[in-house]
Structure formats: C-alpha cells, structure tokens
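# Examining the three-dimensional arrangement
Read off the chains here:
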Amino acid sequence: MRTLLKHAMIVTMDDKGQVYTDGNLLFEDDRILQAGTAPVDENTCDEVLDLTGKLILPGLVNTHVHTSQQLARGLADDVDLLIWLHDRIWPYESSMTEEDSYISTLFCAAEQIKAGVTAIAEPGGQFVSGMAKAIEEAGIRAKLANSVMDCGEGLPKAWQHSTEEELNRQEEDIQRFHGTADGRIEVWFGIRTIFNATDELLLRTKELADRYSVGIHMHVAEAKSEVEYVKERLGVQTVTHLKDLGFLGPNLLAAHTVWLTDGEVEMFREHGVKVSHNPASAMRVLGFARVPRMLQEGICVAIGTDGAPTNNRMDMVDEMWVTSLIHKGWRLDPTVVKAQEILRMATANGAKALQDGLLYGSLEPGKKADLIIINPDSVGMQPMHDPIANLVTSMHSTNVESTICNGKWLMRDRKILTFDEKALIQEAKLRAESIRSRAGIRMPERFLMK
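All values derive from a computational prediction rather than experimental measurement. (Residues numbered from 1 in each chain as written. Predicted model: local features only at pLDDT ≥ 70, side-chain atom pairs only at ≥ 80, totals over all residues. Heavy atoms only, no water.)

Cis geometry is found at the peptide bond from Q382 to P383, where omega equals -5 degrees. Here P383 shows up in the loop between strand 15 (371-374) and helix 15 (387-393). Unusually for a residue other than glycine, D306 sits at a positive phi of about 70 degrees. The topology assignment puts D306 in the loop between strand 14 (301-303) and helix 11 (308-311). (Helix = DSSP H or I, 4+ residues; strand = E, 2+ residues; numbered from the N terminus.)

This part covers helix 3 (residues 128-138). With respect to burial, helix 3 is a largely interior element, 8 of its 11 residues being buried. Within helix 3, burial applies to V128, S129, G130, M131, A132, A134, I135 and A138. Those residues of helix 3 hidden inside the fold are in contact with helix 2 (98-114), strand 7 (117-121), strand 8 (141-144), helix 4 (163-177), strand 9 (185-187) and strand 17 (408-412). Just past helix 3, the residue G139 takes up positive phi, approximately 100 degrees. (Buried < 20%, exposed > 50% of the residue type's maximum accessible area, 1.4 Å probe, protein only. Contact = heavy atoms within 4.5 Å.)

If you walk through the whole model with that rule in mind, you get 4 aromatic pairs. Between F195 and Y229, the aromatic rings sit 4.9 Å apart at their centres with planes inclined by 40 degrees, giving tilted as the arrangement. One end of the pair, F195, is in the loop between strand 10 (189-191) and helix 5 (199-212); the other, Y229, is in helix 6 (residues 224-234), with 34 residues separating them in the sequence. In this structure, K133 is placed above the aromatic ring of Y102, and the distance from its NZ or CZ to the ring centre is 4.2 Å. The ring of W330 carries R331 above its face, with NZ or CZ at 6.0 Å from the centroid. (Phe/Tyr/Trp six-rings, centres within 6.5 Å; stacked < 30°, edge-to-face > 60°. Lys NZ or Arg CZ within 6 Å of the ring centre and 35° of its normal.)

Before going further, it helps to examine the layout of surface pockets. By volume, the largest pocket is sized at about 860 Å³. L81, L85, W90, T193 and F195 are, among the 34 residues lining the largest pocket, the residues nearest its centre. Every element with two or more residues in the lining of the largest pocket is listed here: helix 1 (81-94), helix 6 and helix 9 (279-285). (1 Å grid on protein atoms, 1.4 Å probe; cavity = no way out; pocket = protein on both sides within 12 Å on 5 of 7 lines; lining within 4 Å. Points joined across faces, edges and corners; volume = space filled by probe spheres on them.)

Just distances and angles here, no functional claims.
Encoded structure:
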C-alpha cells in the first residue's frame, strides 16, 4: 500500500530541523519512502491526499504514562501526597483485574491517539497481559512494565512480593509479550520508587535489563521527601546512591527528576541517562525540574503526561504548552526552552528516550510511518506567523486531524478506526465505579453528586 500526502508543510524533526513548506510525504506499508519536495508519480500510489494548508509531524511520544490509572481520573484531586497514595491510588490499582487493566489501557490509548501520540512508555502498571491486549488492538507502540516494589510501608497485601517474585514476573512478561503486535509492544523492567526498592532489586534489575537489552523505567528524585529520606538513610541523595550502586546507564529512563543537584545532573550526562519531564504533574506538588540545565548539558530530555490522577489531562499537546511556560516563569527568562526544543522533546527525543531513535521520531526515508496530520484552521491556532511556535503554544489536540502508526490509520478525520470509542467510554465509566467500590474508597461529600 503506497500512500502519498502532498502539498503539506512537513516538519521533519530530523537532525537538521528541516521544514518543507510545500512537501510530499510518501510511505509504503509501514515505512517512509520520501519526505521532501521531490515530485512523486501519483500513478504508482494507491492513495493520494492533498493536504494543502495542513501540517505533517512525527507522531508524538509520551514517555511516562500510567495506563492502569486512566480510570482513576479525578479520584485524588486536592489531597496531600499520603492520602493520594495510601487512601486512593494504591487501593484503586491493587483492586484491578486483568480485564480492568485492558479497558483502562485502551481508554488511555484512545486519549493518546486523539492527541497525536503514536508511542508511549508505561512506568509500571497492573497486568502486562491486559495492557498488551489493549495496545495490540489500539495500534500504537508501547514500552510496558509492571509496577515493581519489594519493600515499603503500607503496601496493599496484593502487592507484597519478594525480590525474586518481582523479577520472575517481569521475565515471564518479557518472554510472553516482548516484540509482539508486529514489534509495536516491548516489555521493560520497572521500579516504582526508591522508597519501595531494595538495593538487591535495583542491582538485579540492572543486570537483567542489560542482559535482555531493554530499558528500565523508574521514578527518580521525584519528591523532596524522597531525596530527604535517602539522604537520612544513606547520607546521599537518590541519584548519587544510584550512581554508587552502578545503576545509572543509557537504558535508564528516569521520570520526573525534580530534585537533582548540579553534580547529579552531570552524572546523568556522563552515564547517558534519559529523562521524562512531566511538567503538569510536577506543578501539582513536586516542584520544577531543572530542564534548562539538562538541555544545556546535552541530556536527552523527553516529555510525559504521568497518570490521570496526577494530571487529569493526558494530552501531550497540552504538555508541550505547559513546558513552554513554566521554565520561563521560574527562571524569569523568556529565552529558555524554546518551541523548537520542546517539539524535539515530544518527538525525536521521545523516540531516543525509548531506545527507538533509529526507528521513528522524525520524518525521514527508512523510518517507520508514524505521523500525524494537523489542521491549523481554527480560531485557537490561526494566524501562524511562526508555525513552529504555534505547534507548541497555540495548538490544541482537536487540531490533530489524523494519526498514523506503523503505516496504519488509527484516527482519520478525528474518528478512531481501531475500536469503538463510544462503546469504550460507557464501559470505562462502569468499570471505574466498580473498581472504586471494590477498593472501598470513600470520597468526601463535596465530591459526590447530590
């Protein structure tokens, strides 16, 4: 199947940052054959679409999204961290079934597709089997991981596992699901937090991830209380301890990384650690990650939404906009973290953070046909004096007209093609209430409908 998208503005996100104002993008099956201004013989194509006035971007990459928390949106607003964790989210997630995981992940994928996301990384959820079923159906790419903890106070009984049990479970998932769905699904190792990980779990996880040539996804230096806890217990902060253990490396995707010292930023650079920046989630309670410094150091910084109970808007388009604001604000410097850098964080850097930089993340011949079509003709996005700036600061997810992954249309003209979105919404509402009931979560009266 050869498809030609002609007369579009093509924002390639290649190393040169090339943009073609009137370009042609040709892909055959799952691979891009051409992206540029060279003419294409339309007689050789099965489908030709004239995209005059529209833009083509690489698919966005959400490098940190809790698919198992999608049905918990609004469950933990306006509460402190301990209530959020121990009274709401842990009881909710630990009460999920495999089928709940499937519906939650599919519901999450729906929001990702509608916001132009073609690849995600799950840092640790419930039932990789349920996640994998949903991802295969939805058509996007995913790095999937279990929520892994072998110690810590207040863990629900269903989550109380030994180090050996946690590692064995992950190896079994790799053997069952890694490389499935035409290669769109891969299984990584997960570590929830250093609060819930022994040094043995950290070291053996690193050993296994290196052996299987997969990544490790971990919340790192997420909260002030975390680094204070580690410093009190071990005399150093989180990242320094991980470095001393030999845990840092290019296959580590560190989420949040809000509380880093200058020296620890340099440790990330020296060891090739990748960072998932989650600005909206961080602003709720965590703080401001030192993204300008990380970018200056050449660290691969990508963007993620985090989970629905911490962000509510699982929308990478919104996340780019927030990124464009917060670092200028807290630094009092309007020149830092420019639009082009943010767009790269959401595309090419996202692919590199997921160890797929040679596969997607930019529109170049030989790469996967993972791309989105933007229709900028809306009152919120026009006029476009600077199209790159508009993509970051003015675009809404409703401007994403179509989403293509692996050469297949997942959404076309705002209609999802791989599953029934309306039926899914109804199923998600029923399951969300069922899980909350089983978990015994009582909401304050002000949250309840009268």
